Amino acid sequence: MIYYSQSEKETKQLGFNLSKKVVKGSVISLRGSLGAGKTVFAKGFAEGLGITEAIVSPTFTLVQEYDGVLKMYHLDLYRLSGEDEFESMGGEDFLYPDGVTLIEWSEKIEDMLPDNTIFINITIDKDLKRIIDIKGIEL
């Protein structure tokens, strides 16, 4: 399904809406260029899970863990070299979570993602609007 967002508020709302549809064990792939809105989407998702902590992109820590209605793991693989490095950090545990895992830059571990991964691709059009393509779940 394709959605269009003209603001951060709308992007957050889509994340919030998705949080109400996922189940424990879900893995969500967030893809898009730098500044596309992946972390904004994650903020709305976290809000929907009742998480009150500030959500920041975990680029330098790789993983942030938050407690809400479901435990949320937020991974940013931008700095990772690939699957070997992901495995060496114990990353496979996040692919079968006891909560929900959101992965920014998941294309670095494409072949490792579970079959039931929800894919979200965010692109920016010429008017700086976001085109958000969600596959694997209906909102």
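All figures in this text were calculated on a predicted structure; none of them were measured in a lab. (Residues numbered from 1 in each chain as written. Predicted model: local features only at pLDDT ≥ 70, side-chain atom pairs only at ≥ 80, totals over all residues. Heavy atoms only, no water.)

> Help me understand the packing of aromatic side chains in this model?
How two aromatic rings sit relative to each other is given by the distance of their centres and the angle of their planes. One pass over the structure, following the stated rule, counts two aromatic pairs. Geometrically, the ring pair formed by Tyr78 and Trp105 is tilted, given 5.0 Å between the ring centres and 55° between the ring planes. On the criterion of sequence distance, the pair formed by Tyr78 in the loop between strand E4 (72-76) and helix H3 (83-88) and Trp105 in the loop between strand E5 (100-104) and strand E6 (118-124) is long-range, its members being 27 residues apart. Given the relative accessible area of 38%, Tyr78 is considered partly exposed. In this arrangement the basic side chain of Lys108 is found over the ring face of Tyr78, its NZ or CZ atom lying 5.9 Å from the centre. (Phe/Tyr/Trp six-rings, centres within 6.5 Å; stacked < 30°, edge-to-face > 60°. Helix = DSSP H or I, 4+ residues; strand = E, 2+ residues; numbered from the N terminus. Buried < 20%, exposed > 50% of the residue type's maximum accessible area, 1.4 Å probe, protein only. Lys NZ or Arg CZ within 6 Å of the ring centre and 35° of its normal.)

> Help me understand the nonpolar core, please; the structure alone is not making it clear to me.
For soluble globular proteins, the rule of thumb is that nonpolar side chains tend to be buried together. In terms of nonpolar packing, the biggest core is built from 25 residues, with Val22, Ile28, Phe45, Met72 and Ile120 touching the most fellow members. Those elements that place two or more of their residues in this core are helix H1 (8-19), strand E2 (27-32), helix H2 (38-48), E5, E6 and strand E7 (130-135). A total of four residues in this core trace back to one element, the largest contributor, which is H2. Once residues within four sequence positions are removed from consideration, Phe45 is found in contact with Gly15, Phe16, Leu18, Ser19, Val22, Ile28, Met72, Val100 and Leu102. Formed by 13 residues, the second largest nonpolar core is a distinct cluster that contains Leu75, Leu95, Met112 and Leu113. (Core = buried A, V, L, I, M, F, W, Y, C linked by side-chain atoms within 4.5 Å. Contact = heavy atoms within 4.5 Å.)

> Help me understand the pairing of E5, please; the structure alone is not making it clear to me.
Look at any regular strand and the pattern is simple: side chains alternate between the two faces of the sheet. Of all five residues in E5, five are buried, a share of seventy percent or more. A two-sided burial pattern is seen for E5, the buried positions comprising Val100, Leu102 and Glu104 on one face and Thr101 and Ile103 on the other. Bridge count for E2 against E5 is four bridges, and the pairing is parallel. Across the sheet, Ile28 pairs through a bridge with Leu102, a residue of E5. (Pairing = 2+ DSSP bridges.)

> Just to check I follow, could you spell out a negative patch on the surface for this structure?
Taken together, Asp84, Glu87, Glu92 and Asp93 make up a surface patch of like negative charges. Judged by relative accessible area, which is 39%, Glu87 ranks as partly exposed. (Patch = residues over 30% accessible without salt bridge, like charges linked within 9 Å, V, L, I, M, F, W, Y side chains within 5 Å. Areas by Shrake-Rupley, 256 points an atom, 1.4 Å probe, with all protein chains shown as cover. Salt bridge = Lys/Arg side-chain N within 4 Å of Asp/Glu carboxyl O. Lys, Arg positive; Asp, Glu negative; His and termini not counted. Charge placed at Lys NZ, Arg CZ, Asp CG, Glu CD.)

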